[in-house]
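# Summary of the model geometry
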Amino acid sequence: MILVDSNILIDVLGRDPQWFDWSRSQIARAAEGAYLFVNPVVAAEIGWQFEGPDHFRLVMSALLIGVESLDESAGILASKAYQRYRERRGSDAPRLPLPDFLIGGHAQHRSASILTRDPRFYVTYFPELTLITPETEA
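Worth saying up front: this structure is predicted, and the values here are computed from it rather than measured.

Assigned secondary structure in the protein consists of 7 helices and 5 strands. A globule of 138 residues ought to have a C-alpha radius of gyration of about 14 Å, and the protein, at 15 Å, matches this closely. Here the C-alpha coordinates of the protein stretch approximately 40 × 35 × 25 Å along the principal axes. Looking at the protein residue by residue over its 138 residues, the buried ones come to 43%. Intrachain contacts of the protein at a sequence separation of at least 6 include 65% that bridge at least 24 residues. In the structure as shown, the protein presents an accessible area of about 7500 Å², 53% of it carried by carbon and sulfur atoms. Here the protein carries 13 positive and 18 negative side-chain charges, and the mean point of each set is 5 Å from the other.

Below you can see the structure in the form of structure tokens.
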């Protein structure tokens, strides 16, 4: 089970000149042996380019990616990790969790890996997650 991070979909949908090939091949490779999914946080980050939810689901389906909802267990895991972030960062930290914490909490709750090009928050605040990144798949 692999949660696909927004940056991977941005690469593929926008045909990023540097990252399209890597990101597309990682999706294809992962889909051969695992269930791939995204959640509403990913939809919020990339959804501006879709006509609506049906179009979003259609494109995800074409990429062999499911769409899952977040539940309170994932939210609580995200919140706990975000509290550690706020304690490290101090009073200038935003009061509400950043999207990566919700993605990380969801992946942790589902015992999923994350396919991403930006592992910073995941490595620090969700160290038990398996990450698929350019560095781990070089």
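Having put the structure on the table, let's press on.
Orientation of helix α1 (residues 6-13) relative to helix α2 (residues 20-33), taken along the N-to-C sense of each, is 115°, at an axis distance of 8 Å. Relative to α2, α1 is oriented roughly perpendicular. Seen along the crossing, α1 lies across α2 with a hand that is left-handed. From α1, I8, L9, D11 and V12 reach across to α2, where they touch F20, W22, S23, R24 and I27.

For R15, which is not glycine, the phi torsion reads 50° and is therefore positive. For R15, the position within the fold is in the loop between α1 and α2. Here R15 falls in the exposed class, since its relative accessible area comes to 57%. Even without being glycine, L64 reaches a positive phi, approximately 65°. Inspection of the secondary structure puts L64 in the loop between α4 (53-62) and β3 (65-67). Here L64 falls in the exposed class, since its relative accessible area comes to 58%.

All right, on to the environment of F20 then. Among the secondary structure elements, F20 is positioned in helix α2. For the pair F20 and P97, spaced 77 residues apart in the sequence, the C-alpha separation amounts to 29 Å. Discounting residues that sit within four places of it in the chain, F20 has contacts with D11, V12 and R15.

Per the counting criterion, the structure on display carries 4 salt bridges. Between R117 and D11 there is a salt bridge, and its shortest N-O distance comes to 2.6 Å. Taken together, the residues span a long stretch of sequence, with R117 in the loop between β4 (113-115) and α7 (120-125) and D11 in helix α1 at a distance of 106 residues. The partner of R120 in a salt bridge is D118, with the nearest N and O atoms 2.8 Å apart. Under the relative-accessibility criterion, R120 is labelled exposed at 55%.

What counts and what doesn't
- Residues numbered from 1 in each chain as written.
- Predicted model: local features only at pLDDT ≥ 70, side-chain atom pairs only at ≥ 80, totals over all residues.
- Heavy atoms only, no water.
- Helix = DSSP H or I, 4+ residues; strand = E, 2+ residues; numbered from the N terminus.
- Rg over C-alpha atoms; globule rule 2.2 N^0.38 Å.
- Buried < 20%, exposed > 50% of the residue type's maximum accessible area, 1.4 Å probe, protein only.
- Contact = heavy atoms within 4.5 Å.
- Areas by Shrake-Rupley, 256 points an atom, 1.4 Å probe, with all protein chains shown as cover.
- Lys, Arg positive; Asp, Glu negative; His and termini not counted.
- Charge placed at Lys NZ, Arg CZ, Asp CG, Glu CD.
- Axes fitted to C-alpha atoms, helices over the stretch in contact; angles between N-to-C directions.
- Parallel < 35°, antiparallel > 145°, perpendicular 65-115°, else oblique.
- Left-handed = near helix turned anticlockwise from the far one by under 90°.
- Salt bridge = Lys/Arg side-chain N within 4 Å of Asp/Glu carboxyl O.

Geometry only, nothing functional implied.
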